[in-house]
Amino acid sequence: MTQAALKGHGGMPARAGMADLSDVEIKRAIEYMFNSGLVKAAATAPVVATAPAAATAAPAGGKADGKKIYDTACAACHAAGVAGAPKFGDQAAWAPRLKSGVDALYASALKGKAAMPAKGGNASLADADVKAAVDYMAAAAK
């Protein structure tokens, strides 16, 4: 896990895109995410935020569950502000992003931006699921 974080893996850049972080800081961030329950993976699994199949399915009402998608695919970075990700509910951090409009937020989440990989690193997510998670995070920051 540490080597994947240090060297990069999939859409995640080396050192989460923050070259000035020390190895110790990277290790502590990984430990924090595991100890807080933000990341649930086997000790030998690569660092990749993925949602289980059930989490990507829309509920019976047909609308994607933004909170569920956030919890499984976005919280690993947005709960702690990893690599400059705006923290969930942080109005000051989200204000400039919200000002750019929902379409810009959707585009960033779907295509990736800076250290954030497309769809939060989970290419299996449907666009509607990603948009629901964006809506959930944006609503919490208003």
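One can find the structure itself at the top, above this paragraph.
Owing to the predicted nature of the structure, the values given are computational and were not obtained by experimental measurement.

1. Examining the pattern of salt bridges
Turning to step 1, where the next piece is worked out: Tallied over the entire structure, the rule returns 2 salt bridges.
Turning to step 2, where the next piece is worked out: When the shortest N-O distance is used, the salt bridge between K67 and D71 registers 2.7 Å. You can see K67 and its partner D71 sitting in helix α4 (residues 66-78), 4 residues apart, about one turn around the helix.
Turning to step 3, where the next piece is worked out: Here D71 falls in the partly exposed class, since its relative accessible area comes to 37%.
Turning to step 4, where the next piece is worked out: The shortest N-O distance in the salt bridge between K119 and D127 comes to 3.0 Å.

2. Brief notes about α4
Turning to step 1, where the next piece is worked out: Between its terminal C-alpha atoms α4 stretches only 14 Å, short of the 18 Å expected from 13 residues at 1.5 Å a residue.
Turning to step 2, where the next piece is worked out: The sharpest bend along α4 comes to roughly 55°, located at T72.
Turning to step 3, where the next piece is worked out: Turning to α4, its buried residues are G66, I69, Y70, A73, C74, A75, A76 and H78.
Turning to step 4, where the next piece is worked out: The opening residue of α4 is D65, an N-cap whose side-chain oxygen sits 3.2 Å from the backbone nitrogen of K67.

3. A few points about the packing of α4 against helix α7 (residues 127-140)
Packed helix pairs are characterised by how far apart their axes lie and by the angle those axes make with each other.
Turning to step 1, where the next piece is worked out: It is at 8 Å that the axes of α4 and α7 come closest, and there the two elements cross at 75°. It follows from the interaxial angle that α4 and α7 lie roughly perpendicular. Residues G66, K67, I69, Y70, C74 and H78 of α4 form the contact with α7, whose participating residues are D129, A132, A133, Y136 and M137.
Turning to step 2, where the next piece is worked out: Here the residues of the contact of α4 with α7 are counted per class, giving 7 nonpolar, 2 polar and 2 charged.

4. Regarding the packing of aromatic side chains
Turning to step 1, where the next piece is worked out: Counting across every chain of the model gives 3 aromatic pairs.
Turning to step 2, where the next piece is worked out: Members of the aromatic cluster, joined through ring pairs, are Y70, F88 and Y136.

Calculation criteria
Residues numbered from 1 in each chain as written. Predicted model: local features only at pLDDT ≥ 70, side-chain atom pairs only at ≥ 80, totals over all residues. Heavy atoms only, no water. Salt bridge = Lys/Arg side-chain N within 4 Å of Asp/Glu carboxyl O. Helix = DSSP H or I, 4+ residues; strand = E, 2+ residues; numbered from the N terminus. Buried < 20%, exposed > 50% of the residue type's maximum accessible area, 1.4 Å probe, protein only. Expected span 1.5 Å × (residues − 1). Bend = angle between axes of the 7 residues up to and from the residue. Polar contact = N/O pair within 3.5 Å; in protein donor to acceptor, adjacent residues only side chain to side chain. Axes fitted to C-alpha atoms, helices over the stretch in contact; angles between N-to-C directions. Parallel < 35°, antiparallel > 145°, perpendicular 65-115°, else oblique. Contact = heavy atoms within 4.5 Å. Nonpolar A, V, L, I, M, F, W, Y, C, P; charged D, E, K, R; others polar. Phe/Tyr/Trp six-rings, centres within 6.5 Å; stacked < 30°, edge-to-face > 60°.

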